[in-house]
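Structure assessment
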Amino acid sequence: MTTISEQQAARQSLAAGAAATALVHIERALNGSADWGSAHTHIRQATTGRIDAAPHAGLFYGAPAIAFVLHAAAAGPDPRYQAAARSLDQHIARLVARRVATARERIRRREFAHFAEYDVVRGLAGIGALLLRTAPASDALADVLAYVVQVTKPRRLQGEQLPGWWVAHDPDPLKPTPGGHANLGLAHGAAGLLALLSLAALRGCTVAGQVEAIERLTAWFYRWQQHSPDGAWWPHWLTREELRTGRVTQPGPWRPSWCYGTAGIARALQLAAIAVRDPALAAAAEQALAACLTGNQFARITEPGICHGIAGLYQTAYRASLDAQTQAIRRELPRLAALLADHAAALQPDDQGGLLNGPAGVGLALETARQLTPPLSGWDACLLIA
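This is a predicted model, so every value here is computed, not measured. (Residues numbered from 1 in each chain as written. Predicted model: local features only at pLDDT ≥ 70, side-chain atom pairs only at ≥ 80, totals over all residues. Heavy atoms only, no water.)

Overall, the coordinates contain seven aromatic pairs when judged by the stated rule. A ring pair is formed by Trp237 and Trp254, whose centres lie 6.2 Å apart and whose planes are at 75 degrees; its orientation type is edge-to-face. Taken together, the positions of Trp237 in strand 4 (residues 237-239) and Trp254 in the loop between helix 11 (240-245) and helix 12 (262-275) put the pair 17 residues apart, joining distant regions of the chain. Here Trp237 falls in the buried class, since its relative accessible area comes to 14%. Taken together through their ring pairs, the aromatic side chains of Trp165, Trp220 and Phe221 make up a single cluster. If you follow Arg133 out to its NZ or CZ, it ends over the ring of Phe68, 5.1 Å from the centre. The ring of Phe298 carries the charged tip of Arg335 above its face, separated from the ring centre by 4.7 Å. (Phe/Tyr/Trp six-rings, centres within 6.5 Å; stacked < 30°, edge-to-face > 60°. Helix = DSSP H or I, 4+ residues; strand = E, 2+ residues; numbered from the N terminus. Buried < 20%, exposed > 50% of the residue type's maximum accessible area, 1.4 Å probe, protein only. Lys NZ or Arg CZ within 6 Å of the ring centre and 35° of its normal.)

Pasting the structure below:
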């Protein structure tokens, strides 16, 4: 078997590699702020060498990441990208079949899940986001949605009723959760599952039990919603002790980031409310998102990137504003855009690339702020906010 070198692996990373840089140049070529020459160069850099389609590949690495980039480029004038993307689609369909089968076997054995099985970055929710763009009528997407519906159901594990996406590992090595945790965030938790199910429903892609799963997750989020003078918020995760007592130990809201914070969760809830046609729930989600754009919650945003910083917050707020019933979120966008521009200007030329924490993600969000239109490449579909 041919091994993949460290350099080749880095090229095909959407999270931190050349694939993300290519996406920036594709977006700029599509919106007319740059020519296609630079985009072609960066696409070649990302796609040189063997592409990893092993079971560990996900939306932000390997064949799904490269397919995401090539499908974005296929919106341009060069027909080669569409052919290359379709060729990769066949490998991804096989990858999905293996991963869904493995996940179902894990459920049958009554074992705990892992982030890498279901989340947006490495798991089936992220691959589902790709399929929603590239193969919405496929059996592969239907299989992913059916799996997600199953994972939303509570299960009795080790004598306790726990959420189906419960993991036994810690969310972070520095933040232990003895006995495991239920993650609420968009990147690694229930909000990502909810966003995928809701976006799929809005596009007419449904499987048995999907609406009930959306309603089940929505009710779960509102069960654990917290309140503060700075607006509604949600804990990043719940431990077994918190589930037993019904009390959250997190003292207050942290930064309202895309990955874990109020912004990402509120956007997922807004999409869910639209999918089930509940204007009152949509209004509550929009109010929570608008509130986190000001005051003490917003003051905790100190980084530039997509995952934890202003770029992710801006892009999430922008997408939510397009669907919002009021102008509350939209009114904050110019201020967020100015802060985003300041952060972008402060980036150093040697800063590492990447979409989640690097200048590529900042550059992509900045294109949205400059154009004030949805990205022509559809790059933010990888965040499950659109």
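Attention shifts here to the pattern of salt bridges. Within this structure, the stated rule accounts for 15 salt bridges. Arg240 is the partner of Glu160 in a salt bridge, and the nearest nitrogen-oxygen pair spans 2.9 Å. Highlighted residues: Glu160 in strand 2 (residues 160-162) and Arg240 in helix 11, separated in sequence by 80 residues. In this structure, Glu160 and Arg240 share a single accessibility class: buried. Here Arg335 makes a salt bridge to Glu332, at a shortest N to O gap of 2.7 Å. Note that Arg335 and Glu332 are positioned in helix 16 (residues 328-346) at a spacing of three residues, about one turn of the helix. Residue class for Arg335 comes out partly exposed when judged on its relative accessible area of 34%. Put simply, Glu105, Arg108, Arg109 and Glu111 are held in one network by salt bridges that share partners. (Salt bridge = Lys/Arg side-chain N within 4 Å of Asp/Glu carboxyl O.)

What follows concerns the environment of His308. In this structure, His308 sits in the loop between helix 14 (295-299) and helix 15 (310-323). Measuring from C-alpha to C-alpha, the distance between His308 and Gly261 comes to 8.6 Å, with 47 residues separating the pair along the chain. Those residues within four positions of His308 in sequence are excluded, and the remaining contacts are Arg255, Ser257, Cys259, Ile301, Glu303 and Asn357. (Contact = heavy atoms within 4.5 Å.)

Attention now moves to helix 15. Relative to the 20 Å expected for 14 residues at 1.5 Å per residue, helix 15 spans 20 Å between its end C-alpha atoms, a close match to the ideal helical length. Among the 14 residues that make up helix 15, 12 are buried, leaving the element largely enclosed by the rest of the structure. Within helix 15, burial applies to Ile310, Ala311, Gly312, Leu313, Tyr314, Gln315, Thr316, Ala317, Tyr318, Arg319, Ala320 and Ser321. (Expected span 1.5 Å × (residues − 1).)

Time to look at the environment of Pro374. Residue placement: Pro374 occurs in the segment after helix 17 (359-371). Overall, Pro374 belongs to the partly exposed group, its relative accessible area being 37%. For the pair Pro374 and Asp230, spaced 144 residues apart in the sequence, the C-alpha separation amounts to 29 Å. When near neighbours in sequence (up to four residues on either side) are disregarded, Pro374 contacts Tyr318, Arg319 and Leu322.

Following both chains from N to C, one finds helix 2 (residues 18-31) and helix 4 (residues 63-73) inclined at 10 degrees, their axes separated by 10 Å at the closest point. Relative to helix 4, helix 2 is oriented roughly parallel. Of the two elements, helix 2 crosses helix 4, and the hand of that crossing is left-handed. Counting all contacts with helix 2, which are made through Ala19, Ala22, Leu23, Ile26 and Leu30, the residues of helix 4 involved are Ile66, Phe68, Val69, Ala72 and Ala73. Classifying every residue of the contact of helix 2 with helix 4 gives 10 nonpolar, no polar and no charged. (Axes fitted to C-alpha atoms, helices over the stretch in contact; angles between N-to-C directions. Parallel < 35°, antiparallel > 145°, perpendicular 65-115°, else oblique. Left-handed = near helix turned anticlockwise from the far one by under 90°. Nonpolar A, V, L, I, M, F, W, Y, C, P; charged D, E, K, R; others polar.)

Geometric values such as these leave the question of function open.
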